[in-house]
Amino acid sequence: MTETEIVLPPDLPYGTWPSPVSAADVARTRHVVSFPLVHGEDVWWQERIPGEGGRSTVIHLGPDGQRRPMLPAPWSARTRVHEYGGLSYLPVPAEEGSARRLAFVFANDSDQRLYLARPGTAGEPAGHAGEPAGGEPRPLTPHSGSGAEAALRYADFTLSPDASEVWCVQESHSDGKVTRSIVAVPLDGSAAEDPAGLREIVTGSDFFAFPTPSPDGRMLAWITWNHPRMPWDGTELRVAVLEDGVAGKSRVAGKSRLIKGGMRESVLAPLWRDSAGIYAVTDWPGWWNIYELDLAGVPPQALCPAEEEFASPLWQLGSRPFAMLSDGRLAVTHGQGGMRLAVLDPQTAELTDLDIGFPAICSGLSADGDTVVCVAGGPDRPLSLVRVEVSAARTQVLCQEEIPLPDVAYLPVPRPVTLSGRFGRTVHAIVYPPANPEVSAPQEERPPYIVWVHAGPTAHTLPLLDCEKAYFTSRGIGIVDVNYGGSSGYGRSYRERLRRQWGIVDVEDVIAAALALAEESGADRNRLAVRGGSAGGWTALGAVTTHAAGEVVFRAATSYYGIADLRGFAAQTHDFEAHYIDGLIGPLPAYQPVWEERAPAGHVSEHTCPILLLQGLEDPIVPPGQSRSIAAELADRGIRHRLIEFEGESHGFRMAETIVACLEAELSFYGQALGFIPPGVPDLKLDCG
């Protein structure tokens, strides 16, 4: 071969391209790093260990640069408050009078008690990763049951002004009733055997978050809300004077004072400016912006009014969207659809983005002095825990998730797009075109595309590195990930498009995105599929059942533990979401006909395309009966389908063998429904009746 000869990649039909990304590679992906905190030169974070059944440990990185796992098996840091949990630990002084936080409090998954771990107990490394030396952590709260059955749970921790207690949200389950309060937990362990040792500081609301003492210890700020609202619907920021700052006596004296918020305003994340003022995020202007709130009665002041979000929905407790630096400036996250890291000067309203080498911030942040820590990622970089020294403009990667990456040329390059939906509605989406440097497609062929529906509804998807997407795109199958109306990240009005319209707007936006993709981006109009999990499964199933009459849009649909019948789902859901559907569709009994009309169950027809149903047998949120009901309707109609059930799996699959089986089944299913033969995967047998 001469130097001028060029070897062109072979032409292979879309969907048949050989790929180095296997289903086993996807199953080995480690999504593990979360909830970082920084105190001086010490950095802490939670880390899930997939090889130990998803157990979560606490990691400490000290001034010597050594990474130390702080919890040996079987201890696991996980709080189940609101069922979704959140930040599950808090560093505390190792000894009385110490300024350095080397011990920590954590919520233990198996019994939901709070424990204190000190260096030399569960905290000192033994020289072998994951096996720290020492004795047992010491309980701080009484025993009240095991795991999901624990009667008392704790989350959203902060240290009391005198550092003798942890103040936090307590969730109590008793006789089918759930109540919450802000309580004080003594660090001396005196409440471990006596529930009376847990002193209530604030009570009287259904939900609490962000307990935040003032710098002088005289006042407490917190966020509260009540049923039927969700925290993105309406919350209140309240402040009260504490009766006494002495350990064991602090509680709210008299009535609290409403500072900001209401039934139609979501206010989050209070941070004391000083003992006379508070910074907080509120969506009063239509976007979650940061405001300065003066307790002396000065009108609230927007620090940086913008059509951007400076916070995200409060699905998990304990994480904060902004923090104060030593010079009084604020480290913030902000953006539309995704978040960037920036510094906001409250005095000048100047907002300065920080170039940290990662385009997206994927969690809350923590700051101390001039240092910020957060979890960040990008389309071609795994999620990473980074430490940013603001003044020096220096970023250090402390920990990076383990992802078996192929050559970058096999990774899809995400392209955010704004599409036109029904009635001219804007629809936000991210397009992931097929990518494989070893092959090309026949010139006249258009690629098949799968529309992915996130598991919101009040959530959103980001353009991040995702081996699961690369599994399909490297084989010649495009993906469009849709942030349909109701998704967060685009302001309150976009988020509220789904109010009383779940099952309508989300489905219409998904269909509109698919059609626009075919018209504007070259997708094959006759080879479109839709796929979603949980609430996303509801939308995907709705797109091929309740909305399938007339023009055929999708030729295949995949539901991962998708909601099919709201009546069964609502009867089993937990307290945090007990009234979520009231806002999404309408309350019972008045809206029962609407619940039935919107549900995929009962609406399979001759227009319904083939469906693949993937279901965990231990799922308490969407029980197997929901997928089985759809499978039975498909069988009655003689429509090709397959229901695959997995023992030991719950709501969200965790076992490697399950993930492999699902991806290979999904790929074979698309090949049969969309007209290509994918190599290297077992042929999935479809049922027809």
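It should be noted that the structure appears before, not after, this text.
These notes cover the structure that comes with them.

The rules behind these values
Residue numbers here run from 1 along each chain, matching the order of that chain's written sequence. Local features are withheld for residues below a pLDDT of 70 in this predicted model, meaning they are given only at 70 or higher, and side-chain atom pairs are given and counted only at 80 or more; totals for whole chains, interfaces and linings count all residues. Remark: hydrogens and water are excluded; side-chain values derive from all non-hydrogen atoms of the structure. We count a stretch as a helix when DSSP gives it H or I for four or more residues in a row; a strand needs E for two or more, and each element gets its number in order from the N terminus. Computation of the radius of gyration draws on C-alpha atoms alone. For the globule rule, the value is 2.2 Å times the number of residues to the power 0.38. The contact definition used throughout considers only heavy atoms, calling two residues in contact when any of these lie within 4.5 Å. Each accessible area value is a Shrake-Rupley result obtained with a 1.4 Å probe; residue values ignore everything except the protein chains displayed when judging cover. Positive charges come from Lys and Arg, negative ones from Asp and Glu, while His and the chain ends are left out of the count. The atoms used to mark charge sites are NZ of Lys, CZ of Arg, CG of Asp and CD of Glu. Here a strand pair is declared whenever DSSP counts at least two bridges between the two strands. Note on geometry: axes are C-alpha line fits, over the in-contact stretch for helices, and angles between N-to-C directions span 0 to 180 degrees. Per-residue accessibility, obtained with a 1.4 Å probe over protein chains only, is compared with the maximum for each type, and a residue is labelled buried under 20%, exposed over 50%, and partly exposed between these values. Side-chain rings of Phe, Tyr and Trp (the six-membered ring for Trp) are treated as a pair once their centres are within 6.5 Å; stacked means planes under 30 degrees apart, edge-to-face means over 60, and tilted covers the remaining angles. By definition here, charges over rings are those cases where NZ of Lys or CZ of Arg is within 6 Å of the ring centre and within 35 degrees of the ring normal.

Quick look at the overall build of the chain
Moving on, step 1. When helices and strands are tallied, the chain shows 10 helices and 36 strands.
Moving on, step 2. For 689 residues, the compact-globule estimate of 2.2 N^0.38 gives 26 Å, and the chain sits close to it at 26 Å.
Moving on, step 3. Along the three orthogonal principal directions, the C-alpha set of the chain runs to about 75 × 70 × 50 Å.
Moving on, step 4. Summarising the internal contacts of the chain: among those between residues at least 6 apart in sequence, 60% fall at separations of at least 24.
Moving on, step 5. Of the roughly 26,700 Å² of accessible surface on the chain, 50% is carried by carbon and sulfur atoms.
Moving on, step 6. Side-chain charges in the chain split into 56 positive and 86 negative, and the spacing between the mean points of these groups amounts to 4 Å.

With respect to the sheet that holds strand S30 (residues 426-432)
Moving on, step 1. Strand order in the open sheet made by the 8 strands is S29-S30-S32-S31-S33-S34-S35-S36, with mixed pairing throughout. Single-partner strands in this sheet number two, and they are strand S29 (415-420) and strand S36 (641-646). Pairwise comparison of adjacent strand axes, ignoring direction, gives a mean angle of 20° for this sheet.
Moving on, step 2. Note that strand S33 (residues 528-533) and strand S34 (residues 556-560) share 5 bridges and pair parallel. Each bridged residue has a counterpart across the sheet, and for Arg531 the counterpart in S34 is Thr558.
Moving on, step 3. In the packing of helix H10 (residues 656-674) onto the sheet, the strands contacted are strand S31 (449-453), S33, S34, strand S35 (611-616) and S36, and the crossing angle to S34 comes to about 165°.

Some thoughts on the environment of Val482
Moving on, step 1. For Val482, the position within the fold is in strand S32 (residues 478-483).
Moving on, step 2. A relative accessible area of 0% places Val482 in the buried class.
Moving on, step 3. Setting aside residues no more than four positions away along its own chain, Val482 makes contact with Val427, His428, Ala429, Val451, Trp452, His454, Asp509 and Ala513.

Things to note about the packing of aromatic side chains
Moving on, step 1. For the coordinates displayed, the defined rule picks out 25 aromatic pairs.
Moving on, step 2. Summarising the aromatic geometry, the rings of Trp452 and Phe472 are spaced 6.4 Å apart at their centres and angled 85° between planes, so their arrangement reads as edge-to-face. You can see Trp452 sitting in strand S31 and its partner Phe472 sitting in helix H2 (residues 467-473), a full 20 residues away along the chain.
Moving on, step 3. Through a chain of ring-to-ring contacts, three or more aromatic side chains come together here, namely Tyr84, Phe207, Trp225, Trp232, Trp315, Phe576 and Tyr580.
Moving on, step 4. Over the ring of Tyr471 we find Arg475; its NZ or CZ atom is 4.2 Å from the centre of that ring.

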